[in-house]
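Residue strings, one per chain:
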Amino acid sequence: MADTPQTTPDAQVEDRSRQDRPDHPAALDDAAIRQARNSAAFWAATGKSRGHEVIRRRGFLAVLGDQRAGTRFLLQEPGLDAHELAELTELAARSAGPVDAEDPFSSTDLSHLGMPRSWQMPIMVRPPSPVPAPSMEVIRVQGTQELQTAERIVIDGFELDRFTPYLPGELFPATLIEQPGVDVFLAILDGETVGAGVSVVHEGFGSHYWVGTPSAHRSRGAGRAVMLGSLAPLANLPVTLTASRLGRPLYESLGYTAVTSSTWWSSQ
């Protein structure tokens with residue numbers, strides 16, 4: 001394993017920990033607000049790169065997508081005022097496709113939107129600390145072909161049926177990797193791409209999204225490799241993420257601690 005080609009911060013992965021580093025890292029109880037801001041930055045970048053409308057309010061960010069992408073809400077404060085809630089409700093009602101909402105504060109009841117699925121996932125925090133080298137090569141995506149490879153892995157790994165049949169650039173448009181603070185990574189083992197993930201740096205914090213492996217390459221360490229490869233440039237930053245039940249043990253082994261819960265809602 002030690003002889004496997006590896007990506008290091010001073011090689012193929014530029015050190016982003018020097019960017020936007022806060023003078024005073026936030027306490028763990030700031031995890032919800034940090035995750036809220038980072039998620040909003042990621043989805044705003046995604047929406048912009050797709051050409052979708054992005055609406056910013058004090059209490060939420062909305063990305064109004066098409067019939068397949070749907071509408072995404074990212075709550076930004078622990079509680080919406082009456083006007084914000086009314087606007088969010090109206091936007092959900094006229095969505096062209098599915099509706100998804102993320103409330104890192106678990107404080108706003110969206111059951112009136114009629115979304116049948118609601119669940120909670122832990123928000124986890126990793127303090128600045130050294131990052132071991134991955135057991136396989138991890139590269140930062142540089143071009144369209146690599147980005148489409150990552151896109152296919154994520155669609156397969158997360159079973160994103162709404163994005164099938166596959167249309168290149170629909171989930172990850174070519175301009176996504178041009179958005180400030182957004183990077184996409186691929187893990188490569190024996191010449192095959194076996195994992196993918198996205199990292200975002202915003203306001204001195206990092207976070208991770210869409211860390212997945214294709215169904216044919218699971219249980220080969222690709223998820224861990226992608227995490228380590230994308231963490232290396234963030235070693236000097238606090239990092240947050242929202243973990244699935246299956247992913248939590250991996251993240252705990254990488255130094256993440258669950259500090260609060262985020263509530264998710266979905267119409268599908």
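Scroll up to find the structure this text is about.
Rules used in this analysis
- Residues numbered from 1 in each chain as written.
- Predicted model: local features only at pLDDT ≥ 70, side-chain atom pairs only at ≥ 80, totals over all residues.
- Heavy atoms only, no water.
- Helix = DSSP H or I, 4+ residues; strand = E, 2+ residues; numbered from the N terminus.
- Polar contact = N/O pair within 3.5 Å; in protein donor to acceptor, adjacent residues only side chain to side chain.
- Contact = heavy atoms within 4.5 Å.
- Salt bridge = Lys/Arg side-chain N within 4 Å of Asp/Glu carboxyl O.
- Buried < 20%, exposed > 50% of the residue type's maximum accessible area, 1.4 Å probe, protein only.

Enquirer: Would you mind going over the side chain of serine 95 with me for this structure?
Expert: Looking at the secondary structure, you find serine 95 in the loop between helix H2 (82–93) and strand E4 (99–103). Here the side chain of serine 95 touches glycine 97 through a polar contact of 2.8 Å, landing on its backbone oxygen. Contact partners of serine 95, with chain neighbours within four places excluded, come to Gly70 and Thr71.

Enquirer: Explain the pattern of salt bridges here, please?
Expert: Pairing between side chains of opposite charge can happen when their charged atoms approach one another. Scanning the model with the defined rule gives eight salt bridges in all. The salt bridge partner of arginine 140 is aspartate 183, with a shortest N-O separation of 3.0 Å. Of this pair, arginine 140 sits in strand E6 (residues 137–140) while aspartate 183 sits in strand E7 (residues 182–189), placing them 43 residues apart in sequence. A relative accessible area of 8% means that arginine 140 is categorised as buried. Put simply, arginine 248 and glutamate 252 hold a salt bridge, and the shortest N to O gap is 3.0 Å. Of this pair, arginine 248 and glutamate 252 are both found in helix H5 (residues 248–253), four residues apart, which corresponds to roughly one turn of the helix.

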